[in-house]
Structure formats: C-alpha cells, structure tokens
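Summary of structural features
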Amino acid sequence: MTSTTENSAVGRSSSTVTAAEARAVAEAAREQEWSRPSFAKGLYLGDFDLGLIHPWPQARADDVERGEAFMTALREYCQTMDGRAIERDSRIPDRHLAGLAELGVFGMKIPREYGGLGLSLVYYGRALALLGSVHPSLGALISAHQSIGVPEPVKVFGTDEQKQQYLPRCAAGAITAFLLTEPDVGSDPARMGCTAIPADDGGSYVLDGVKLWTTNGVIAELVVVMAKVPPYTAPDGTEHKGGITAFVVDMDSPGITVENRNAFMGLHGIENGVTRFHQVRVPAANRLGKEGQGLKIALTTLNTGRLSIPGLCVAAGKWSLKIAREWSNARTQWGRPVGKHEAVGKKIAFIAATTFALEAVFELCAEMADAGQKDIRIEAALAKLWSTELSCQIADELVQIRGGRGFETADSLEARGERAVAAEQLFRDLRINRIFEGSSEIMRLLIAREAVDAHLAAAGDLASADASLQDKARAAVGATGFYARWLPKLVAGAGMDPRSYGEFGRLARHLRYVERASRKLARQTFYGMGRWQAGLEHKQAFLGRIVDIGAELFAMAASCSRAEALLRSNPEHGAAAFELADAYCEQARLRVDASFEQLWKNTDDADHAVSRKVLAGDYAWLEAGILDSSEGTGPWIADATPGPSARENLHRKYRA
Ligand SMILES: Cc1cc2nc3c(=O)[nH]c(=O)nc-3n(C[C@H](O)[C@H](O)[C@H](O)COP(=O)(O)OP(=O)(O)OC[C@H]3O[C@@H](n4cnc5c(N)ncnc54)[C@H](O)[C@@H]3O)c2cc1C
C-alpha cells in the first residue's frame, strides 16, 4: 500500500496550509442540506416565523416521567458530593465517578436498548446543570464524555456492530473523550498533524501524533480521535483520497502515552491531558464513517453537543441570581441594603432577566431537538455563543455585587467565619466556555456563513474572490433576479401592525420589534453584500454584529414564547414570567439598536490599522517599563515531537 502527499490541504504539511485551503476544509465538512425548517435561519433572512417556536414544543409524557424520576435520584446523590473538596483537591474523587456510573449518568443520552437511560436532551441538560452546580468539572466530565466523546458519534455514525460494542460499555461508566485539538491545530483543523496510515492491506491504521487539551483524556478508557489519512493506492489498485477521519481508540492500546495533566484557571477537577500516539495500531473496524468524513462527524456531533454548555450556563445564571438576591438584601451600606442602591439594582435586574432568557433559550433548543421536526443547527450554535457570553457577564456582575468578597475564595471566606460563596470561582470556571467547543469568534464565523448562505447562493461568483470578471457579470444578472423578488418582501411585515401577536399581551410589542428587526437585519446583510461582495467574509466585525443581533432576537422570541407557555402551564408564575421576559426584551433591544447603529458607524477600519501597526512592532515602545517573566521559558507552541515532558504515562497512574 503506498501513500502519497498530494496537493490537498489535508495531505500537506501543516505549516503550508493557506487561508483558502483552511476555509475549503471547513466548508467541505459543513452540512449543507436544509431538509427541515429552521427558525433562526429565517430570522437572518427577514422571515420571522413565530409558528416554528410557538406554541412551546410539548415534551412526551414518558420522557417527562422518566426524566423527573432520574432528576430526583440525581439530586439526592448530588447532595452527598462536596464541590469544595473537588476545587481544593483539583480532582473528582473515584467514589463519585463510581456513584455517578451506578446512577447511569454516563449513559443518560444513550438509548435504553444499549443499556443507557435514553433521557431526552431537555433532561440531559437539566442533569448537567445540576451536576455543574455541585462543581463545573462534573459538568465538563459528563459533557466531554457524552456530548462529544465516544457515545454520540457512535450513536449517530456507528455501524450496528460498533453500537453493540461501545454503547453498553460507555453507559456502564467507561469514560470517554474527544480528541481533535493539537498543539498546532486549534480552530483550524486543516493544519492537522496527527496521521492514520493504512496498514495490513486495509485491516488497520497506524496512528501517530499528539493531541492537546484532551478533557477526560487522563482517565478515559475509550477516545474518539481525529487523524488524517493521506491519499493512497490500495493493493487492488483503487485510489483513495484519504482525509480527516474519526477513529474509536482503546486507551489500553500499546503506544499511547498521556504526558501531562493540564491545569487551568478554572474547571479544577477536570482530567485534561496531552495524549501522544506512537505507532498505535487501530483496527479498520474502529473507523467511524468513511475516510475523510471525520470533520463532518466532529461538526455534526457538535451540532447537538453544543447544547450542553448552554445548559451549564443556565445553572450559573440561577446560582448567581440566588446569591445576588440573598447577599444584596443582607449587606447594608450607606443606610440601605446594597441591592436598593440603583447601581447594584441594575445589575440584579440584568442577572434576573438574563437568567430567564438563558433558560428559555436552552429549553427551547433542547425541546426542539427532542421533537426532531426542526433543524436546530443555527439555534444550537447561537445558544452556545450567546449563553457563554452573557453568563460571563452575569458572573462579572456577581463578583462586583459581592464587592471585596466577590474576589475572595470560598475557603478564605469560611476561614474568617463567613459564608463560603465561590463567586470568583464561577467567574473563572465560566471563562473557558467562550473558548472551547468553538470559540466565540469561530462561532460567529460559522453562524455568519449560514446567515449569509442565501446571499452567497444568489450571488454565486459575484461573491467569489477567484471568479473572472465575465463570471461575475453573469452572476450579477442572476443575483439581480433573486433580489428583485426577495427585497420587496423585506419592506413590510406583521411587525408593522399594532394588533399582531395580540395573544402575548405586554410582550406583543417585543415580538413586533423582532419581526421588524429581522427584516432590517436581512436588508443590512444585503447592503453589506453589495458593498463588499467577496470581501464580506473578511469583515468579521460587521458579520459579528449581524450574528449577535440575530442571537438577541432569537433569545427575545424564545423568552416571549416561554413566558406565554409558563402562563398556561403554571399560572402561579406566569405573570412573573411575563415581567422577566419583558425586562429581558427591553434590555436586549438596547443592545440590538446599538449593534445596528454600529454596523455602519464604528472604528473597524481604524482598529484594523492600529492592530496592523501593533503587529508590526510600531508601538513596541509603549511596552517599556515592565518585566515579562514568561520570556525564555519555552516556545509559544510546543514541538509535537517527544520533548522533555514525555516521561511518564499519567494514564496508567490515574486509571489505576
Ligand atoms: C480546558 C480545555 C478543555 C478542552 N477540551 C478539549 C477536548 O476535550 N477536545 C478537544 O479536541 N479540544 C479541547 N480543547 C481545545 C479547545 O477546543 C481549543 O482551545 C479551541 O478550539 C480554540 O483553539 P486554540 O486554543 O488553539 O485557539 P486558536 O485557534 O489558536 O485561536 C486563538 C484566538 O484566535 C481566534 N481565531 C482563530 N481563528 C480565527 C479566525 N479564523 N477568525 C477570527 N478569529 C480566529 C480564536 O477565537 C482565539 O481567540 C480544550 C481546551 C481547553 C482550554
């Protein structure tokens, strides 16, 4: 069997991958079919279809019954766990791992026929939130195992044999991990250096490379690994293109070393490592899907996997609200409880309103995913982006409300005889959510790609940097036809009729605003397209605002729909839910209006020029007068070849 490294991005040495090739690899992995309706896609196209999220989707009675029974048992068990000890020892005790396995936590989302609990996504998310409120490392452990680790891709892409082989094992408590990132591969998988070379005449692959920041990797039994198969000619003469491919790998396979247990500013209990593969033989039967399908598998896994983090953000919001309420009543300064000073009161209102919206967004996405009739790709991505950004703001405000105590650790507070409130820990723990499973910047690019998809399809070569002038001229004719039909639809809509959405009472005007803003958003995207054409993809600040506006509009619509549903299902809280939804919408509208204004009135070009000069060193003189203790400690990015750290296999140590 011969392997060649031809002129494809995945076959090239990582350092030579160009921006265009990186985009091409991401584009090839993108799911392009839209066979089911998408509420959020419509939002970006000026087509606000409230009927897709209202009335609130109804969960199946059986799912609710099993979910509630499980939550009762989990809550009881969670009360026996000590989150403070996890924080102090930076470890989740083995007895908790065993206890959680006993409860079935490692198989919450695995179908019952494979030994799992078969819970709905709604209850899976609520369980994560509960676990995360004990210690966020528990949420990360379960989410890395079940949202992106072995069970999910095997469930969706595995063969029957693979499902039989792995799912019962995972459900019983075999911890798993998802290994995509490498020292040189963060947001850009085209640079992937990990290789899987076909061997044994097609019977196996030989895996080589290093994976970085493998959550659960230190203690995992099984991992999903993304590696690139080079183009090769099979013994029967057939040509194979290879490409990034997904494998299930048993961590007991010879040649695997876990070289470091990484430590972070937050998530102190996670077992996150550097995993090295040296000539690791992986049976071809362990390959998930086809060669070259790996990135698609990873991205598809993330589509619903992304809902875990919003679930965890809900827990952060709820805890912040509770602490903010209790503390702001208890602490008196300048003659009144601090919560009654307007500056603090505004923060409390932000936390309350945003927590209501966080829950609405998570629950709506999860209910829709469970019902399965809608395409929730964009909603899940929006939920991840928006929930992580807003929950970090909540934690920041909570620290501020707590004053000096917000900066003090729980242990120190307790040692002085005060209540051990870990606000600083929340602030640290939440921060990573804006980086992993798609950083906020990358999420904005992914969502923008979907949001302007219709424009790109219509404009075709007009929006392609590589097209000839002739092709562009032809494309312009086609695009003109599309826009001639589409633009008039963006002029008027239900949001202009003061009677629209009347059944929502005081919230109706917010829905009318969303409808109007949705059309405006589509028009503005069109103007951006007209102004920059192919250059639009580089206008990240412009596109980022477009995405952020859509996220707020989605959260507003979700909040209104949820308030209306709560009024019907739980009249006791219904009126309060309307107040909170109203408060969220009022706050969000100010942000939306500001973003609309900044689309065209901003410092983007000036900032770009400044950043160019910073990078060129023109302002390096400004850095004088400080010491940088990191200088001389090592290179920016560790060499992937075994370095001085390759001494001990921590996997053996910790698994034992
Ligand atoms: C605690 C922790 C747990 C993790 N768990 C896992 C895991 O289980 N499995 C796994 O595979 N990975 C894991 N990761 C890796 C994580 O997913 C990556 O950190 C993340 O994808 C970002 O990659 P990077 O850190 O290399 O940043 P880079 O890609 O180097 O990016 C640096 C900065 O540039 C921005 N940026 C990059 N490209 C662009 C662009 N085209 N346009 C605009 N901005 C851009 C990024 O948003 C970021 O702000 C984990 C990381 C941490 C810290």
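Just so it is clear, the structure is predicted and the values come from calculations on it, not from any experiment.

1. Thoughts on the pairing of strand S5 (residues 222–229)
- Among the eight residues in S5, eight count as buried, and that is most of the element.
- Judged by which residues are buried, S5 turns out to be covered on both faces: Leu222, Val224, Met226 and Lys228 on one side and Val223, Val225, Ala227 and Val229 on the other are all buried.
- Bridging between strand S2 (residues 176–179) and S5 involves four bridges; their strand directions are parallel. Residue pairing in the sheet places Phe178 in a bridge with Val224 of S5.
- The pairing of S5 with strand S8 (residues 243–250) spans eight bridges and is antiparallel.

2. Examining the site of the ligand
- Inspection of the region around the ligand gives 20 residues, with Phe178, Thr181, Ser187, Ser439 and Glu441 positioned closest.
- Ser439 places a polar side-chain atom, nitrogen or oxygen, 2.7 Å from an oxygen atom of the ligand.
- Burial of the ligand by the protein chains amounts to 68% of its free accessible area of 960 Å².
- Of all the secondary-structure elements, those providing two or more residues to the shell around the ligand are S2, strand S4 (204–215) and helix H17 (440–451).
- Residue contributions to the shell around the ligand peak at three residues, all from H17.
- For the shell around the ligand, the class distribution of residues is eleven nonpolar, seven polar and two charged.

3. Digging into the side chain of Arg377
- By the element assignment, Arg377 lies in helix H13 (residues 377–401).
- Accessibility expressed as a relative area gives 11% for Arg377, which makes it buried.
- In this structure the side chain of Arg377 is engaged in a polar contact, spanning 2.6 Å, whose partner is the side chain of Asp375.

4. Let's talk about the nonpolar core
- Counting 177 residues, the largest nonpolar core has Leu207 and Leu553 as the members making the most contacts within it.
- No other element matches the 16 residues that helix H21 (residues 540–569) contributes to this core.
- Discounting chain neighbours no more than four positions away, the residues touching Leu207 are Thr195, Ala196, Val225, Ala227, Phe247, Val249, Phe277, His278, Gln279, Val280 and Val282.

5. Some thoughts on the pattern of salt bridges
- A full pass over the atoms with the stated rule returns 44 salt bridges.
- Residues Arg66 and Asp62 are paired through a salt bridge, measuring 3.5 Å at the closest nitrogen-oxygen approach. Of this pair, Arg66 and Asp62 both sit in helix H3 (residues 61–78), separated by four residues, roughly a single helical turn.
- We classify Asp62 as partly exposed; its relative accessible area is 36%.
- Taking the shortest distance from any N to any O, the salt bridge between Lys347 and Glu397 comes out at 3.4 Å. Of this pair, Lys347 sits in helix H12 (residues 342–371) while Glu397 sits in helix H13, placing them 50 residues apart in sequence.

6. So, the environment of Thr633
- One can find Thr633 in the loop between helix H23 (604–616) and helix H24 (650–655).
- The exposure class of Thr633 is exposed, given its relative accessible area of 62%.
- In sequence terms Thr633 and Ala492 are 141 residues apart; their C-alpha atoms lie 61 Å from each other.

7. Some remarks on the domain arrangement of the protein chain
- The assigned domain composition of the protein chain is domain 1 (2–30 + 176–301), domain 2 (61–171), domain 3 (304–359 + 373–435) and domain 4 (449–608).
- Between domain 3 and domain 4, the C-alpha centre-to-centre distance is 28 Å.
- Domain 3 puts 14 residues into the contact, and the matching count from domain 4 is 19 residues.
- Counting the surface lost from both domain 3 and domain 4, the interface buries some 1300 Å², and carbon and sulfur atoms represent 75% of this.
- The largest share of the area that domain 3 buries against domain 4 comes from Phe356, Leu382 and Trp386, three residues that together contribute 43% of it.
- For the pair domain 3 and domain 4, the interface holds one salt bridge.
- Close ionic contact of Arg562 with Glu359 constitutes a salt bridge, the shortest N to O distance being 3.9 Å.
- The tally of links between domain 3 and domain 4 comes to two residue pairs in polar contact (both at pLDDT 80 or more).
- Every element with two or more residues in the side of domain 3 that touches domain 4 is listed here: H12 and H13.
- For the side of domain 3 that touches domain 4, the leading source of residues is H12, giving eight residues.
- Within the side of domain 3 that touches domain 4, the residues separate by chemical class into eleven nonpolar, one polar and two charged.

Parameters and conventions
- Residues numbered from 1 in each chain as written.
- Predicted model: local features only at pLDDT ≥ 70, side-chain atom pairs only at ≥ 80, totals over all residues.
- Heavy atoms only, no water.
- Buried < 20%, exposed > 50% of the residue type's maximum accessible area, 1.4 Å probe, protein only.
- Helix = DSSP H or I, 4+ residues; strand = E, 2+ residues; numbered from the N terminus.
- Pairing = 2+ DSSP bridges.
- Near = heavy atom within 4 Å.
- Polar contact = N/O pair within 3.5 Å; in protein donor to acceptor, adjacent residues only side chain to side chain.
- Areas by Shrake-Rupley, 256 points an atom, 1.4 Å probe, with all protein chains shown as cover.
- Nonpolar A, V, L, I, M, F, W, Y, C, P; charged D, E, K, R; others polar.
- Core = buried A, V, L, I, M, F, W, Y, C linked by side-chain atoms within 4.5 Å.
- Contact = heavy atoms within 4.5 Å.
- Salt bridge = Lys/Arg side-chain N within 4 Å of Asp/Glu carboxyl O.
- Domains from an automatic or database assignment.
- Buried area = accessible area lost by both parts, 1.4 Å probe.

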